[in-house]
Amino acid sequence: MALGAVAEPPVRRRGSDYAQLSRRISQAGLLERRPGWYVARIVLTLGAFVAGWVAVFLLGDSWWQLPLAAVMAVATTQVAFLGHDAGHRQMFRRRGPSEMVGLFAGNLAVGLSYGWWVDKHNRHHANPNHEDEDPDVGAGALVWTPEQALETRGFGRWLAQRQAFLFFPMLLLEGLNLHVASIRAIVGRESDGRYSTPMRRRAVEGLLLVVHTVGYVALLLAVMSPVKALLFAVVHQALWGLYMGCSFAPNHKGMPMPTAEDELDFLRKQVLTSRNVRGGRFVDTALGGLNYQIEHHLFPNMPRANLRRAQPIVRAYCVEQGIPYAETGLVESYRQALGHLHEVGRPLRG
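Everything numeric in this text was worked out from a predicted model, so none of it was measured.

A.B. asks: How should the layout of surface pockets be read in this particular structure?
C.D. replies: As a volume, the largest pocket reaches approximately 1300 Å³. Surrounding the largest pocket, 48 residues form its lining, K120, D136, E174, N177 and L178 being those nearest its centre. Mapped onto the lining of the largest pocket, the elements with two or more residues apiece are α3 (65-87), α4 (95-110), α5 (114-126), α7 (154-171), α8 (174-187) and α10 (226-252).

A.B. asks: I'm lost on the pattern of salt bridges in this one. Help?
C.D. replies: It is possible for side chains of opposite charge to pair when their charged atoms get near one another. According to the stated counting rule, one finds 14 salt bridges in the structure shown. In this structure, D85 engages R304 in a salt bridge whose closest nitrogen and oxygen atoms are separated by 2.9 Å. Of the two residues, D85 is situated in helix α3 and R304 in the loop between α13 (293-298) and α14 (307-321); the sequence distance between them amounts to 219 residues. On the basis of relative accessibility, which here comes to 8%, the residue R304 falls in the buried class. As a salt-bridge pair, D265 and R268 come within 2.7 Å of each other at their nearest N and O atoms.

A.B. asks: Please explain a nonpolar patch on the surface as it appears in this structure.
C.D. replies: A grouping of V50, V54, F57 and L58 is seen on the molecular surface, where their side chains present a nonpolar patch of about 410 Å² in accessible area. Its location among the elements puts F57 in helix α2 (residues 35-59).

A.B. asks: It is not clear to me how the packing of helix α1 (residues 17-27) against α14 should be interpreted in this structure. Could you clarify?
C.D. replies: For any two helices packed against each other, one specifies the crossing angle of their axes together with the interaxial distance. It is the contact of α1 with α14, at a shortest axis distance of 10 Å, that shows an interaxial angle of 150°. As judged from the angle between their axes, α1 and α14 are roughly antiparallel. As for the relative orientation of α1 and α14, their crossing is right-handed in sense. Residues D17, Q20, L21, R24 and I25 of α1 form the contact with α14, whose participating residues are A310, I313, V314, Y317, E320 and Q321.

A.B. asks: Even after reading the chapter, I still don't get α8, so can you show me in this structure?
C.D. replies: Counting along an α-helix, one turn takes 3.6 residues, and residues three or four places apart therefore face a common direction. Here α8 is 14 residues long and its end C-alpha atoms lie 20 Å apart, about the 20 Å a rise of 1.5 Å per residue gives. Here α8 has its buried residues at G175, L178, H179, A181, S182, A185 and I186. The buried side chains of α8 occupy one side of the element, clustering within an arc of 165° when seen end-on. Of the exposed residues in α8, the ones pointing more than 90 degrees away from its buried face are L176, I183, R184 and V187.

A.B. asks: How should I be thinking about the packing of helix α9 (residues 202-223) against α10 in this particular structure?
C.D. replies: Look at α9 against α10: their axes get within 8 Å of each other, and the N-to-C directions meet at 135°. One element, α9, and the other, α10, form an angle in the oblique class. You can see that α9 and α10 cross each other, and the crossing is right-handed. Residues Y216, L220 and L221 of α9 pack against P226, A229, F232, A233, H236 and Q237 of α10.

A.B. asks: Would you mind going over α9 with me for this structure?
C.D. replies: With 22 residues, α9 extends 32 Å between its outermost C-alpha atoms, agreeing within 8% with the 32 Å of an ideal straight helix rising 1.5 Å per residue. Within the span of α9, buried status applies to R202, E205, G206, L208, L209, H212, Y216, L220 and V223. In the core, the buried residues of α9 are packed alongside α2, α3, α4, α5, α8 and α10.

A.B. asks: It is not clear to me how empty space enclosed by the protein should be interpreted in this structure. Could you clarify?
C.D. replies: To find leftover empty space, a probe the size of one water molecule is rolled over the atoms. For the structure on display, the rule yields one cavity of 30 Å³ or more. Taken as a whole, the largest cavity spans an internal volume of roughly 30 Å³. Looking at the largest cavity, the residues that line it are N129, V137, W144, H252, K253, G254, M255, M257 and H340. Class assignment of the residues belonging to the lining of the largest cavity gives a composition of four nonpolar, four polar and one charged.

A.B. asks: I tried to follow the side chain of D17 on my own but got confused; where do I start?
C.D. replies: Assignment of secondary structure puts D17 in helix α1. Judged by relative accessible area, which is 17%, D17 ranks as buried. In terms of polar contacts, D17 uses its side chain to reach the side chain of R268, at 3.0 Å. Once residues within four sequence positions are removed from consideration, D17 is found in contact with D265, L267, R268, Y317 and Q321.

A.B. asks: Looking at this model, I keep getting lost on the packing of aromatic side chains. Mind explaining?
C.D. replies: Within the structure shown, the criterion is met by 10 aromatic pairs. With a centroid separation of 4.9 Å and 90° between ring planes, the pair formed by W37 and Y38 is classed as edge-to-face. Lying across the ring of Y195, R202 places its NZ or CZ 3.8 Å from the centre. A cation sits over an aromatic face here: K228 above W63, 4.5 Å from the ring centre.

A.B. asks: Got a minute to help me understand the nonpolar core in this structure?
C.D. replies: One recurring pattern in soluble globular proteins is that nonpolar side chains are buried together. If you look at the biggest cluster of nonpolar residues, it comprises 35 residues, and the most contacted ones within it are W53, V56, W116, L220 and F232. Contact partners of W53, with chain neighbours within four places excluded, come to M72, Y216, L219, L220, F232 and H236. With 17 residues, the next largest nonpolar core counts I25, L267, Y292 and L307 among its residues.

Rules of the game
Residues numbered from 1 in each chain as written. Predicted model: local features only at pLDDT ≥ 70, side-chain atom pairs only at ≥ 80, totals over all residues. Heavy atoms only, no water. 1 Å grid on protein atoms, 1.4 Å probe; cavity = no way out; pocket = protein on both sides within 12 Å on 5 of 7 lines; lining within 4 Å. Points joined across faces, edges and corners; volume = space filled by probe spheres on them. Helix = DSSP H or I, 4+ residues; strand = E, 2+ residues; numbered from the N terminus. Salt bridge = Lys/Arg side-chain N within 4 Å of Asp/Glu carboxyl O. Buried < 20%, exposed > 50% of the residue type's maximum accessible area, 1.4 Å probe, protein only. Patch = residues over 30% accessible without salt bridge, like charges linked within 9 Å, V, L, I, M, F, W, Y side chains within 5 Å. Areas by Shrake-Rupley, 256 points an atom, 1.4 Å probe, with all protein chains shown as cover. Axes fitted to C-alpha atoms, helices over the stretch in contact; angles between N-to-C directions. Parallel < 35°, antiparallel > 145°, perpendicular 65-115°, else oblique. Left-handed = near helix turned anticlockwise from the far one by under 90°. Contact = heavy atoms within 4.5 Å. Expected span 1.5 Å × (residues − 1). Arc of directions from axis to C-beta. Nonpolar A, V, L, I, M, F, W, Y, C, P; charged D, E, K, R; others polar. Polar contact = N/O pair within 3.5 Å; in protein donor to acceptor, adjacent residues only side chain to side chain. Phe/Tyr/Trp six-rings, centres within 6.5 Å; stacked < 30°, edge-to-face > 60°. Lys NZ or Arg CZ within 6 Å of the ring centre and 35° of its normal. Core = buried A, V, L, I, M, F, W, Y, C linked by side-chain atoms within 4.5 Å.

Structure below.
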């Protein structure tokens, strides 16, 4: 050191590992809202959605309605993605406008309870892939751990043994399941009379679901025969459920499942349980930005359009910290998810 030079103070890390990353993301401006992007996205998505229903009306009593039902399944899922973004306040900082978009996209347009979904999804984000805390990996039609598999009985055990092969066919019922779960959330009560699911605007949600259902049935029966209307609804709802399930399945299934004994900080809890999916702009649109699952879980209120730009920063930081960063192609993500489901059922096939 030259005579008279001032010694540089040692560099000190301030805050948690997540705080360090959050500062980098904030300094890059990636948490700023993107109103122009969302205005364009809302106009294009809702425009396509409305145009699709206009086409249903104009086409009338034709068997060509069935291919159109498949198109409407895609449009319906894209509208649901807008509800997802609104629920995370990616569009607006204030709750009011976010709820308006969420109620319109979820309850009115799709027939999915916004309040129920927000409650369920927030619990998932708080403890992703945690068997006891994440509702997305609780035992149900599918089982996610060998312990859950061993607790099955009867038909449930038969399903658990074959769930990897039945996964995609079962997703054809997911649309119906989401509608039923929405109704149960609005009217369901505990034994003491309290509502089972917390919900800010229960009456409004119930009314919008009724309007959606009546309007959906009335439009189909007004323009086509009862048989064609029924088949349209079956194709539309089945493919919507399949698309929704295929959008969320690659994100966490087959990733580590923390238990109460694991002590993970927020950064590692979110990164280690999530998987990104490569694929470019087409996959970004098809999966509603959910292919950047690691970045989304670390910064849930980050606008969808910023997730792609945040990825290199997050990935580089994980390398610095020695944290595994999972990223794969779309087909491989399904292979890993199905492989996990198959392995979980192994004790029942022994």
